[in-house]
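# Report on the structure
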Amino acid sequence: MTIDTTVLDVGLDPAKFRPNEALIVSAALALDMQAAMSFKTGRNVLGTSYGPGWEESTVAPLDQNVLKTYEMLCSDAPDPNPLFRQELTRTDLVCAATSIWFKAPLYTTRPWMYEGTGKKVRTIQYGEIRNKKALPESGEAAD
């Protein structure tokens, strides 16, 4: 699975991913995550996992393959304007390109944002509990 910025906005919750699901994070999003975590903690956290339960996570390189896929998303869009409206950032588009290149579905809280890509991005609505074993003992989703 991959994620976009909207998932970070609501919180990365292991209960909302299938058990043993690996998380592939776009390098562009990893930079945003690094900056956010550094500001919160006041220290460098690069190279660490994203918290308990993410030992299988990896940062996908921003290489020529992802860049070509990004270019394809931008050039093949029926109308490129919606791709660059305020709600869909360049980071989100790099996340989408990473998703396409690695053939990994993209978790997002706003699947409709990717409609302008011509259905090239396979999105999954983020928010549903998919792993009850990852819930705290009280049975409620983690903060």
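Going by the structure above, here's the rest.
Along each chain, residues carry numbers from 1 onward, in the same order as the chain's sequence is written. In keeping with the model being predicted, local features are shown solely for residues with a pLDDT of at least 70 and side-chain atom pairs are shown and tallied solely at 80 or more, while totals for entire chains, interfaces and linings include all residues. Hydrogens and water molecules were not included; the side-chain quantities draw on all heavy atoms of the structure.

### Quick look at the packing of aromatic side chains
In this description, a pair of aromatic rings is defined by centroid distance and the angle of the planes. In plain terms, the rule: Pairing of aromatic side chains requires ring centres within 6.5 Å, counting the rings of Phe and Tyr and the six-membered ring of Trp. Pairs whose planes differ by under 30 degrees are stacked, by over 60 edge-to-face, and all others tilted. To qualify as a helix, a DSSP run of H or I must reach at least 4 residues; to qualify as a strand, a run of E must reach at least 2; elements of each kind are numbered from the N terminus. Exposure categories follow from relative accessible area, calculated using a 1.4 Å probe and restricted to protein chains: below 20% of the type maximum is buried, above 50% is exposed, and the middle band is partly exposed.
A complete count under the given rule lists 3 aromatic pairs for this structure. Where phenylalanine 17 meets tyrosine 107, the ring centres are 4.7 Å apart and the plane angle is 85 degrees; that geometry is what we call edge-to-face. Residue phenylalanine 17 is found in the loop between α1 (5-10) and β2 (24-26), and its partner tyrosine 107 is found in strand β4 (residues 106-108); the two are separated by 90 residues along the sequence. For phenylalanine 17, a relative accessible area of 2% translates into the label buried. Assessed through its relative accessible area of 0%, tyrosine 107 is described here as buried. Measuring from centroid to centroid gives 5.8 Å for tyrosine 107 and tyrosine 126, while their planes differ by 65 degrees, and the two rings are edge-to-face. Separated by 19 residues along the polypeptide, tyrosine 107 in strand β4 and tyrosine 126 in the segment after β5 (123-125) bring together distant segments of the chain. Comparing tyrosine 107 with tyrosine 126 shows no difference in burial state: the two are buried. Taken together, the ring pairs connect Phe17, Tyr107 and Tyr126 into an aromatic cluster.

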